Each structure stands twice: as structure tokens, then as C-alpha cells.
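Single-letter residue listing:
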Amino acid sequence: MFDSLKHWFESMNEGGKLFDRPDDEMLHSSLASVLYHVISADAHVIGKEKHMFEAILKKQFELNDEQIEHLYQAAKTSASDLHSDLHTINLHLKQIPLVRMNFMQQIIQLADIDGLNKENLDIFYETLHEIFPEVKDLKGDDSL
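Residues numbered from 1 in each chain as written. Predicted model: local features only at pLDDT ≥ 70, side-chain atom pairs only at ≥ 80, totals over all residues. Heavy atoms only, no water.

1. Details of the pattern of salt bridges
Applying the stated criterion across every chain, the model contains 4 salt bridges. The partner of Asp-65 in a salt bridge is Lys-58, and the shortest N-O contact between them spans 2.7 Å. Here Lys-118 and Asp-122 are joined by a salt bridge, their closest N and O atoms 2.8 Å apart. One end of the pair, Lys-118, and the other, Asp-122, are both in helix 7 (residues 118-131), 4 residues apart, so they sit about a helical turn from each other. Of the residues examined, Lys-118 reaches a relative accessible area of 55% and is grouped as exposed. Several salt bridges share partner residues, and in doing so they unite Lys-50, Glu-54 and Glu-69 into one network. (Salt bridge = Lys/Arg side-chain N within 4 Å of Asp/Glu carboxyl O. Helix = DSSP H or I, 4+ residues; strand = E, 2+ residues; numbered from the N terminus. Buried < 20%, exposed > 50% of the residue type's maximum accessible area, 1.4 Å probe, protein only.)

2. Focus on helix 4 (residues 65-77)
Between its first and last C-alpha, helix 4 extends 18 Å over 13 residues, near the 18 Å set by a 1.5 Å rise per residue. Every buried residue of helix 4 is accounted for by Ile-68, Leu-71, Tyr-72 and Ala-75. Taken end-on, helix 4 shows its buried residues confined to a sector of 105°, consistent with a single buried face. Looking at helix 4, the residues exposed on the side facing more than 90 degrees away from the buried face are Glu-66, His-70 and Thr-77. Tucked into the core, helix 4 has its buried residues touching helix 2 (25-39) and helix 3 (47-61). In this structure Asn-64 caps helix 4, since a side-chain oxygen of it lies 3.0 Å from the backbone nitrogen of Glu-66. (Expected span 1.5 Å × (residues − 1). Arc of directions from axis to C-beta. Contact = heavy atoms within 4.5 Å. Polar contact = N/O pair within 3.5 Å; in protein donor to acceptor, adjacent residues only side chain to side chain.)

What follows is the structure in C-alpha cells.
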């Protein structure tokens, strides 16, 4: 029991960085793309959303403002597939449930800045199913 508590406390300390290899450019692009999908789901991006987009990238990858702006512009003009980007993120996301929940919390906080709408929730559920695929089968209900 004490080992599990110790592991839980250690994993809390690792919560600041979500990813195993935060220096991977493909991961940077994929996360920027997913974040942009979230903030642009309602067809307009407000300043608070862009600020949180930047804050998440800065915290996770320690990028400078120029690098973050480059990722923002690339995500803005990208036609990348959300599901592919989520798959890339999931491959690099730490395999610690608390860290994965932290990632989901960041997505929902970002989605809620300008008020949740159906598009934001669709992205949230797609993200949830990619990060926690077992949720789909929780009650044998695929309608989540």
C-alpha cells in the first residue's frame, strides 16, 4: 500500500511535464494542432484562448515566443487530421493516469474559456477516447 502511495506522490511531481520526449518536433506540431482545433471550434479565437494555447506550449516544451507563434501559425493553416494528431500525442504522453488526467483537464479548461459548445465537446470526447480508450467500453455504451 505504501508503495502505491509513494508512486502516486511521485507521479504528482511529474505532472508538470506531460510527455516522455518533449523535444520531439512532431509532438510539438501535433499538440499545437489539437490545441488550435479546440480554440477554433467555434470559428473564432479570442485573446484568452490564444494566451492559454501559448501557456500550455510554453509549460510543456519550454519554447520561446517565436517558436510558439510559428506553431500557432502552422496549426492555423494546417489541414491536419485531429485523430492523427491525438494519436501522436497519445504515443508520447506519459503512461501515468494522473498525468493523462492532467492533459484532459488542460483540454477542457481551454475549451471552456469562451464557453463550451457542441464542437468543443466533440473534440473533448474524441480526445478522451484516444487517451483513455477503456472509457468507451465502461458500460458497454458507445454513445459517449
